[in-house]
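The lines below spell out each chain.
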Amino acid sequence: MFCTAHARAQMDPQQVQLDSLTYAQYINHDWKNLLLTADNAITNKQDFYYLNIRAAVAAIALNKPYKEQYYLQRTYKEYPYDPLALPLLYNNYLTTGQYAQALRIHKQIQTE
């Protein structure tokens, strides 16, 4: 809880509002609107960890593997050893037939 509150305290008011909106969309399984919100946020240069993770989960729920990959890669770029994003990205690469990328991620997971 402390980490979340601390991270949120460092966010600007627009990001706090966006975080609240995407969290509500996430827990209400409003996947379509969550992806629209995330896409608009990225277009407006607003980006943070939970936005990308929530959008990736929404893409999984809507069976949009390349959209899922987009958001997972954004997370991976910022947090290359993230314990949530790595297995999701690995499975995504397998699903989309990107076996060399999947192998690279699998090796990375194994070294942790």
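If you're wondering where the values come from, they're calculated on a predicted model, not measured in any experiment. (Residues numbered from 1 in each chain as written. Predicted model: local features only at pLDDT ≥ 70, side-chain atom pairs only at ≥ 80, totals over all residues. Heavy atoms only, no water.)

### Comments concerning the overall build of the chain
Here is step 1: From N to C terminus, the chain includes seven helices and zero strands.
Here is step 2: Taken from the N to the C terminus, the helices and strands of the chain come in the order α-α-α-α-α-α-α.
Here is step 3: Based on the C-alpha atoms only, the size of the chain along its principal axes is roughly 40 × 30 × 25 Å.
Here is step 4: Counting every position in the chain, which comprises 112 residues, the buried fraction comes to 36%.
Here is step 5: Within the chain, residue pairs in contact and separated by at least 24 positions form 48% of the contacts whose partners lie at least 6 positions apart.
Here is step 6: On the chain, roughly 7,100 Å² of surface is accessible, and the fraction owed to carbon and sulfur atoms is 57%.
Here is step 7: For the chain, the distance from the average site of its 10 positive side-chain charges to the average site of its 9 negative ones is 6 Å. (Helix = DSSP H or I, 4+ residues; strand = E, 2+ residues; numbered from the N terminus. Buried < 20%, exposed > 50% of the residue type's maximum accessible area, 1.4 Å probe, protein only. Contact = heavy atoms within 4.5 Å. Areas by Shrake-Rupley, 256 points an atom, 1.4 Å probe, with all protein chains shown as cover. Lys, Arg positive; Asp, Glu negative; His and termini not counted. Charge placed at Lys NZ, Arg CZ, Asp CG, Glu CD.)

### Brief notes about the nonpolar core
Here is step 1: The biggest cluster of nonpolar side chains holds 25 residues, and the ones touching the most others in it are L35, L51, Y71, L89 and I105.
Here is step 2: Of all the secondary structure elements, the ones that give two or more residues to this core are α3 (31-43), α4 (49-61), α5 (65-78), α6 (85-95) and α7 (99-110).
Here is step 3: Of the residues forming this core, the biggest block, seven residues, is contributed by α4. (Core = buried A, V, L, I, M, F, W, Y, C linked by side-chain atoms within 4.5 Å.)

### Remarks on the side chain of T96
Here is step 1: Relative to the assigned elements, T96 resides in the loop between α6 and α7.
Here is step 2: Of the polar contacts made by the side chain of T96, one reaches the side chain of Q69; its length is 3.5 Å. (Polar contact = N/O pair within 3.5 Å; in protein donor to acceptor, adjacent residues only side chain to side chain.)

### Some remarks on helix α2 (residues 13-27)
Here is step 1: In this model α2 runs 21 Å from its N-terminal to its C-terminal C-alpha over 15 residues, within 8% of the 21 Å that 1.5 Å per residue would give.
Here is step 2: Within α2, burial applies to Q15, L18, D19, T22 and Q25. Taken end-on, α2 shows its buried residues confined to a sector of 130°, consistent with a single buried face. Set apart from the buried face of α2 by more than 90 degrees, the exposed residues are P13 and Q17.
Here is step 3: Where α2 starts, the residue carrying a side-chain oxygen 2.9 Å from the main-chain nitrogen of Q14 turns out to be D12. (Expected span 1.5 Å × (residues − 1). Arc of directions from axis to C-beta.)

### As for the packing of aromatic side chains
Here is step 1: Applying the stated rule across the entire model yields four aromatic pairs.
Here is step 2: For the ring pair Y26 and W31, a centre distance of 5.9 Å and an interplane angle of 75° mean the geometry is edge-to-face.
Here is step 3: Taking the relative accessible area as the measure of exposure, Y26 reaches 32% and is therefore partly exposed.
Here is step 4: Relative to Y50, the ring of Y49 has its centre 4.9 Å away and its plane inclined at 80°; by these criteria the two rings are edge-to-face.
Here is step 5: Classification of Y49 as buried rests on a relative accessible area of 18%.
Here is step 6: Taking the relative accessible area as the measure of exposure, Y50 reaches 42% and is therefore partly exposed.
Here is step 7: Taken together, the ring pairs in this structure connect Y49, Y50 and Y79 into an aromatic cluster. (Phe/Tyr/Trp six-rings, centres within 6.5 Å; stacked < 30°, edge-to-face > 60°.)

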